Structures are given as C-alpha cells and as structure tokens.
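# What the coordinates show
Listed below, chain by chain, are the residues.
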Amino acid sequence: MRPPLLGVQVVDMSRLLPGPLAALELQRLGASVLKIEGPPGQQDGARELWRTDAERAAGEPALMFRRLNEGKALRTLDLRDDADRAALLDEVTGADVLIEGFRPGAMDRLGLGWPVLSARNPRLVMCSISGYGQTGPWAERAGHDINYIAMAGVLDQLATPDGELVAPNFQIGDLMGGTQAAVAGILAALLAVQRGGSGRHVDISMTHEVRRHHVLADLVVAQTGRAPQPGSDLLSGGAPCYGVYRTADGRHLAVGALELPFWQRLCVAIERPDWSDRHWSLGLQIGSPESLALRDALADLVFTRTLSAWWALLAPVDCCVTPVLRLDESHAHELFVNKR
C-alpha cells in the first residue's frame, strides 16, 4: 500500500532520543527526513553514547545514532552563521514538519523561532519537545527521563511492596511523553493543514504528557485523595491475580488474570481449584490481609518450579500468564521474529 506520509518532508533538528525517534517513526510512515546537525562540538550527543573502540577505529558514530537516523539525509549547518541560518530557512520553505528539542527560547535566540519559521512557511508544523514545556515556571530547568517521571508521579508508583523505588531501564518520559506524544501532535497538526488550516506549533512537554497519561493511578487519587500505596492496589500487587512471581530458577512469571475466567483457569491448571472463587471480582478485598496472604501462597507455589516447567504447563492455558523474557530472549521469540 502507498505509505500514508509519502511526500511529507521533515526537517529533524533534534538530538539524542525523543525527537530523532519521532522523526524516524514519521519516516517509517513514508515521510522523507533531513537531519540537521551542527559542526563538530555541536553534533548530536547520540554519536558518542556507548560508542565502542571498534566504532571509533572505523570512523563510525555510535550504534544509537546509526539506529535513530537510519535512512535520513544528513546535513551540517552552523546555526550561528548567517549563511547557514539562511540555508535552514530555505529547507523550511519546502518542508511540512520541523522537529526541535533545544531548551525553550533557544530557537528564538538563533533567529529561528516560530514567528520567523511560520512567516517563511505558513503551512509548517513545528514540534518543540522539552522536559517541562515552552512556557511556565519550570521551562528553563534541565532534566532527563528520571526527572520527568518523578515529577509526573510515575516514579513513585514504580515501587516494590515495601516501598523501594525502581529506576526503570525503559525511558517512559522520553518515549511515551516525548516521541509518541510528538508523533500524535504532528499527525494531528498535519491533518489540520491538509484540511485547509494554517501551520501549528506543537509544544510537547514530556513531563506533562506523562502526567496526562497516568490515568489509572490518578483514578485512585480522584476517588480517595491519595496515591495508590505500593503493593496494595489492584495493579501494583494488592491482588493475587495480577503480579510478578519468582520461579525456582530465579526467573519470573507475569500473571495478568484480572478477569475471573482467566483466574479460574489458572487455579485449575496449577491444581488449586479451591482458590477459584478467591478473586477481587467476587469480593476478595484488594490489599486486604486475606488477599496478601493468598498472593504469598501463590508466590510459594510458583517458587517450587522453574520457569520452563511452569511455561510448559501454562502455555496451552488461556489464563493471561506469560514468562518474563529478557530482552535478548524477546528478540529471538517467535512473536517478534521478522516483525519491527
């Protein structure tokens, strides 16, 4: 089929992860992407992140840079130079989208802010990705993913039952709050332009986007006035039917039997049919001593077999239980082979 964004021209001025990945996602939908970098000393920091000695010897940038910018045209422009700024404006004239991730106000100081760019191309969609938004009391603050999810109330929820916080090795703020929110905003703005509207400046604050998507935990705040307590809520360990359980070989099973039929099938499969009616939907109070005791009993049972033994038993059962795969195992799994 014809790619949906075929013919769309994107200028990617962003660096590191959120913006370059957003541009890459648009490219995967058919857009053409031109990546603009500064001269040495002003280049994308992804060129050096986790760069190996072998890559340096070969004169190659780091794998992160190569992955995020695969298939993009590359151009070097020094935006402090008048001629190079004029060259960028020429690129903007024929572009549909421009993505940037500088500190708020940096584009204006370069003489390339939204008023200038939109005057050059009234149909342009400009997307600015920042930690805390283009305006507001935190606009000038520096931050990284861990700061964004901390301020959005997400990091507090990534906790063990005893309240120990876990720093995730998945960039929730950068990817969901940055990349995916930017792609959604850009596509919506492109649609508005296609329908005859003017260009738009899409302001993506990664912290605000993560906060906006923190839906289920926020329901508890709305109902009770407090944040869910670690290990005591429906989705954080307060119900035996939904959690992570350690196996005899130090691996884990992910149990997601939220609905009663899945829980009942699981109980029958593990030869504990007497647990079948002990479910939150039948009145077992979430986070209660009875619920936590059943969670501990299930944990003790799961700990008696290896992951492979449990998966051999449960794979044929429709009960929302899966192994917890390592990333290398995920790459090789039939679910993902030949799928991007």
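Our subject is the structure that appears above.
### Points about the packing of aromatic side chains
Scanning all chains against the criterion turns up two aromatic pairs. Ring centres 5.1 Å apart and planes at 75 degrees place the aromatic pair Tyr132 and Trp138 in the edge-to-face group. A residue is classified by how much of its surface remains accessible, and Trp138, at 30% relative accessible area, is partly exposed. With 5.5 Å between their ring centres and 85 degrees between their planes, Tyr132 and Tyr148 make a pair best called edge-to-face. Highlighted residues: Tyr132 in the loop between β5 (125-130) and α7 (145-151) and Tyr148 in helix α7, separated in sequence by 16 residues. Site record: aromatic cluster; members linked through ring pairs are Tyr132, Trp138 and Tyr148. The lysine or arginine in question, Arg47, covers the ring of Phe65, its NZ or CZ lying 4.1 Å from the ring centre.

### Focus: the sheet that holds strand β7 (residues 242-246)
Neighbouring strands of a sheet are bound in pairs by backbone hydrogen bonds; such pairs are parallel or else antiparallel. Across the sheet, which stays open at both edges, the three strands sit in the order β7-β8-β9 with antiparallel pairing between neighbours. With partners counted over all chains shown, the strands left at the sheet margins are β7 and β9 (321-323), one partner each. When the angles between neighbouring strand axes are averaged without regard to direction, this sheet yields 20 degrees. Two strands pair when backbone bridges link them, and strand β8 (residues 252-256) and β9 are joined in this way by three bridges, in the antiparallel orientation. Following the sheet pairing, Val255 is matched in β9 by Val321.

### Quick word on unusual backbone geometry
Phi angles above zero are rare outside glycine, and Trp50 is one such case at about 55 degrees. Along the polypeptide, Trp50 turns up in the loop between β2 (32-37) and α2 (53-57). With a phi close to 60 degrees, Cys320 is a non-glycine residue in the positive phi region. Tracing the sequence through the fold places Cys320 in the loop between α13 (307-314) and β9.

### Structural notes on the environment of Cys241
With respect to the helices and strands, the residue Cys241 is situated in the loop between α10 (215-224) and β7. Along the primary structure Cys241 and Gln264 are separated by 23 residues, whereas in three dimensions their C-alpha atoms are 9.8 Å apart.

### With respect to the side chain of Arg47
Among the structural elements, Arg47 can be located in the loop between β2 and α2. Overall, the relative accessible area of 17% leaves Arg47 in the buried class. Within the structure, the side chain of Arg47 is placed 2.6 Å from the side chain of Glu37, a separation counted as a polar contact. If we skip the residues at most four places from it in the chain, Arg47 touches Glu37, Pro61, Ala62, Phe65 and Leu74.

### A word on the nonpolar core
Core analysis: the biggest nonpolar cluster contains 25 residues, and Val10, Leu26, Val97, Ile99 and Cys127 have the highest contact counts within it. Secondary-structure elements contributing two or more residues to this core are α1 (18-28), β4 (97-100), β5, α8 (172-194) and β6 (200-205). The residues contacting Leu26, other than those within four sequence positions of it, are Leu5, Val10, Ala31, Ile99, Val183, Ile186 and Leu187. Among the nonpolar cores identified, the runner-up in size contains 23 residues, and Leu284, Leu314, Cys319 and Val321 belong to it.

### A word on the sheet that holds β4
Taken in spatial order, the six strands make up an open sheet running β3-β2-β1-β4-β5-β6, and their pairing is parallel. This sheet does not close on itself; its edge strands, each paired only once, are β3 (73-76) and β6. Adjacent strand axes in the sheet meet at a mean angle of 20 degrees when their direction is disregarded. α8 contacts β4, β5 and β6 of the sheet and is inclined by roughly 165 degrees relative to β6.

### A few points about the pattern of salt bridges
One pass over the full model with this rule turns up 21 salt bridges. Among the ionic pairs, Arg80 bridges to Asp78, the shortest N-O distance being 3.2 Å. Taking the relative accessible area as the measure of exposure, Arg80 reaches 58% and is therefore exposed. Residue Asp78 is classed as buried on the basis of its relative accessible area, which comes to 19%. Its salt-bridge partner being Asp218, residue Arg211 comes within 3.4 Å of it at the nearest N-O pair. Judged by its relative accessible area of 37%, Arg211 falls in the partly exposed class. Salt bridges sharing common partners tie together Glu48, Arg51, Asp53 and Arg56.

Criteria and thresholds
Residues numbered from 1 in each chain as written. Predicted model: local features only at pLDDT ≥ 70, side-chain atom pairs only at ≥ 80, totals over all residues. Heavy atoms only, no water. Phe/Tyr/Trp six-rings, centres within 6.5 Å; stacked < 30°, edge-to-face > 60°. Buried < 20%, exposed > 50% of the residue type's maximum accessible area, 1.4 Å probe, protein only. Helix = DSSP H or I, 4+ residues; strand = E, 2+ residues; numbered from the N terminus. Lys NZ or Arg CZ within 6 Å of the ring centre and 35° of its normal. Pairing = 2+ DSSP bridges. Axes fitted to C-alpha atoms, helices over the stretch in contact; angles between N-to-C directions. Polar contact = N/O pair within 3.5 Å; in protein donor to acceptor, adjacent residues only side chain to side chain. Contact = heavy atoms within 4.5 Å. Core = buried A, V, L, I, M, F, W, Y, C linked by side-chain atoms within 4.5 Å. Salt bridge = Lys/Arg side-chain N within 4 Å of Asp/Glu carboxyl O.

Distances and angles like these do not, on their own, reveal function.
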